[in-house]
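Spelled out from the first residue to the last, the chains are:
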Amino acid sequence: MTIEKILIVDDEALVRNFLSETLKRKGLEVTTAENGMKAVQLLKENTYDLVITDMRMPDLTGIDIIRKVKETSPSTLT
């Protein structure tokens, strides 16, 4: 599987932006979400090859996000 579209979910802007800029420099298409609720909305509207998520966030945990990814897009890597 070729990874081209990535979703990064992290409530810390510094981490989110660092990962995003690093991956964009590699030529990847990156979308970011600042919380779990935003990530769930993006997952409903788009498909991603890879989701990178923080495990501890205020609204939904990384495990919640992974479960949602597996429900909506089982082939997406987490």
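Reading the values: rules and limits
- Residues numbered from 1 in each chain as written.
- Predicted model: local features only at pLDDT ≥ 70, side-chain atom pairs only at ≥ 80, totals over all residues.
- Heavy atoms only, no water.
- Core = buried A, V, L, I, M, F, W, Y, C linked by side-chain atoms within 4.5 Å.
- Buried < 20%, exposed > 50% of the residue type's maximum accessible area, 1.4 Å probe, protein only.
- Helix = DSSP H or I, 4+ residues; strand = E, 2+ residues; numbered from the N terminus.
- Contact = heavy atoms within 4.5 Å.
- Axes fitted to C-alpha atoms, helices over the stretch in contact; angles between N-to-C directions.
- Parallel < 35°, antiparallel > 145°, perpendicular 65-115°, else oblique.
- Nonpolar A, V, L, I, M, F, W, Y, C, P; charged D, E, K, R; others polar.

Draft legend 1. Layout of the nonpolar core. The biggest cluster of nonpolar side chains holds 12 residues, and these are L7, V9, A33, A39, V40, L42, L43, Y48, V51, M57, I65 and V69. Among the elements that take part in this core, helix α2 (residues 36-45) stands out by supplying four residues, more than any other. If sequence neighbours within four positions are ignored, A33 has contacts with L7, I8, V9, D10, R16, K38, A39 and L42. Listed in part, the five residues of the second largest apolar core include I6, I8, L23 and V30.

Draft legend 2. Region of the structure containing the packing of α2 against helix α3 (residues 62-72). In contact at an axis separation of 10 Å, α2 and α3 are set at 10° when each is read in the N-to-C sense. Judged by the inter-axis angle, α2 sits roughly parallel to α3. Here G36, A39, V40 and L43 of α2 lie close against α3, whose contacting residues are I65, K68, V69 and T72. Tallied by class, residues from the contact of α2 with α3 come to five nonpolar, two polar and one charged.

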